[in-house]
Amino acid sequence: DAGVTQSPTHLIKTRGQQVTLRCSPISGHKSVSWYQQVLGQGPQFIFQYYEKEERGRGNFPDRFSARQFPNYSSELNVNALLLGDSALYLCASSSMGDLPSNYGYTFGSGTRLTVV
Amino acid sequence: SQKIEQNSEALNIQEGKTATLTCNYTNYSPAYLQWYRQDPGRGPVFLLLIRENEKEKRKERLKVTFDTTLKQSLFHITASQPADSATYLCALLPGYSSASKIIFGSGTRLSIRP
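Here is what the cut-offs are and how they apply
- Numbers given to residues run from 1 along each chain, matching the order in which its sequence is written.
- As a convention, the first chain written is A and the first ligand written is 1, with the rest following in written order.
- The predicted nature of this model means local features are confined to residues of pLDDT at least 70 and side-chain atom pairs, given and counted, to a pLDDT of 80 or more, with totals for whole chains, interfaces and linings taken over all residues.
- Only hydrogens and water are set aside; all other atoms, that is, all heavy atoms of the structure, feed into the side-chain values.
- A carboxyl oxygen of Asp or Glu within 4 Å of a side-chain nitrogen of Lys or Arg is what we treat as a salt bridge.
- Buried residues are those whose accessible area, probed at 1.4 Å on protein chains only, stays under 20% of the maximum for their type, while exposed residues exceed 50% and partly exposed ones sit between those limits.
- When two cysteine sulfur atoms lie within 2.5 Å, the pair is treated as a disulfide.
- Elements are defined by DSSP. Helices are runs of H or I of four residues or more, strands are runs of E of two residues or more, and each kind is numbered from the N terminus.
- By convention, a stacked pair of Phe, Tyr or Trp rings (six-membered ring in the case of Trp) has centres within 6.5 Å and planes under 30 degrees apart, an edge-to-face pair has planes over 60 apart, and any other such pair is tilted.
- Contact between two residues is taken to exist if any of their heavy atoms lie within 4.5 Å; hydrogens are not considered.

S.K.: How do you make sense of the pattern of salt bridges when you look at a structure like this?
M.R.: Side-chain pairing between opposite charges can occur once the charged atoms of the two side chains come close. Residue and element names in this part refer to chain A. Per the stated rule, a full pass over the model turns up 11 salt bridges over all chains. In this structure, the salt-bridge partner of Arg 67 is Glu 75, at a minimum N-O distance of 3.3 Å. In this structure Arg 67 comes out as partly exposed when scored by relative accessible area, which is 44%. Overall, the relative accessible area of 12% leaves Glu 75 in the buried class.

S.K.: What exactly am I supposed to notice about the state of the cysteines here?
M.R.: Working definition of a disulfide: a covalent bond connecting the sulfur atoms of two cysteines. Residues and elements named next belong to chain B. Under the defined criterion, the tally for this structure stands at two disulfides over all chains. Each sulfur in the disulfide pair Cys 23 and Cys 90 lies 2.1 Å from the other. Judged by the sign of its S-S torsion, about 65 degrees, the bond between Cys 23 and Cys 90 is right-handed. Pair noted here: Cys 23 is in strand β3 (residues 19–26) and Cys 90 is in strand β9 (residues 86–93), with a separation of 67 residues, a long-range link. On the basis of relative accessibility, which here comes to 0%, the residue Cys 23 falls in the buried class.

S.K.: Explanation requested: the packing of aromatic side chains in the structure shown.
M.R.: The geometry of two aromatic rings is summed up by the distance between their centres and the angle between their planes. Taken as a whole and judged by the stated rule, the model has 12 aromatic pairs over all chains. With a centroid separation of 5.6 Å and an interplanar angle of 85 degrees, the aromatic rings of A:Phe107 and B:Tyr36 are classed as edge-to-face. Taken together, the positions of A:Phe107 in strand β10 (residues 106–107) and B:Tyr36 in strand β4 (residues 32–38) put the pair across two chains. A ring pair is formed by B:Tyr36 and B:Phe46, whose centres lie 5.6 Å apart and whose planes are at 70 degrees; its orientation type is edge-to-face. Highlighted residues: B:Tyr36 in strand β4 and B:Phe46 in strand β5 (residues 45–51), separated in sequence by 10 residues. The exposure classification of B:Tyr36 matches that of B:Phe46, with both residues buried. Members of the aromatic cluster, connected to one another through ring pairs, are A:Tyr35, A:Phe45, A:Phe107, B:Tyr36, B:Phe46 and B:Phe104.

S.K.: What is the right way to look at the environment of B:Ser1 in this model?
M.R.: All names here are of chain B. In this fold, Ser 1 is placed in the segment before β1 (3–6). C-alpha separation for the pair Ser 1 and Ile 103, spaced 102 residues apart in sequence, amounts to 12 Å. Here Ser 1 is in contact with Thr 26 and Asn 27, once residues within four sequence places are set aside.

Spatial relationships are all this shows, so hold off on functional conclusions.
Written out as structure tokens, the structure is:
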């Protein structure tokens, strides 16, 4: 059974451009969360979706947006890219919405975004 | 403001010894604490979860303690192996509706030398 899959694995964009990152959760998982991890730091929460509804939003500007589709896959969009948006973007899925399960969150391998 | 501190320096341990990693937090009352392993260029892998009313949790060579009075969690790897070399992250969650409130530490890089 496939784990959390993210695409693309690497991406290089120019300042001011827009980017869309994709995530497919583990089959049966209805919750997807997005995180930004800057080099040398821990992941920082961006969004959570559960059953296609936004359940939480981190402290990120409106340039960041996301959505979840009926098949529970998700997209993260970032507009007007800045150099500081360069990071590893991680997606995590969970079988539970609000409470963490005994199995924690399952992360994908991430998308490495470089803004030049 | 809420703050999590993990050993900022990399930890170098001789193979076979016990590695102990520290996670301290301030201005926070977590209901859950999780530990993850992260290899370079990969996403974190969940290892253990401990609840606020649990003092200790074990899984194979791993042991986690949670002291809510000291506001500290210790993560132990016994009989360490070079394959245990990675960055280890602690994460705190407040409880209900947690996913949006999860806070990660910046991680401790662990190196096990043969």
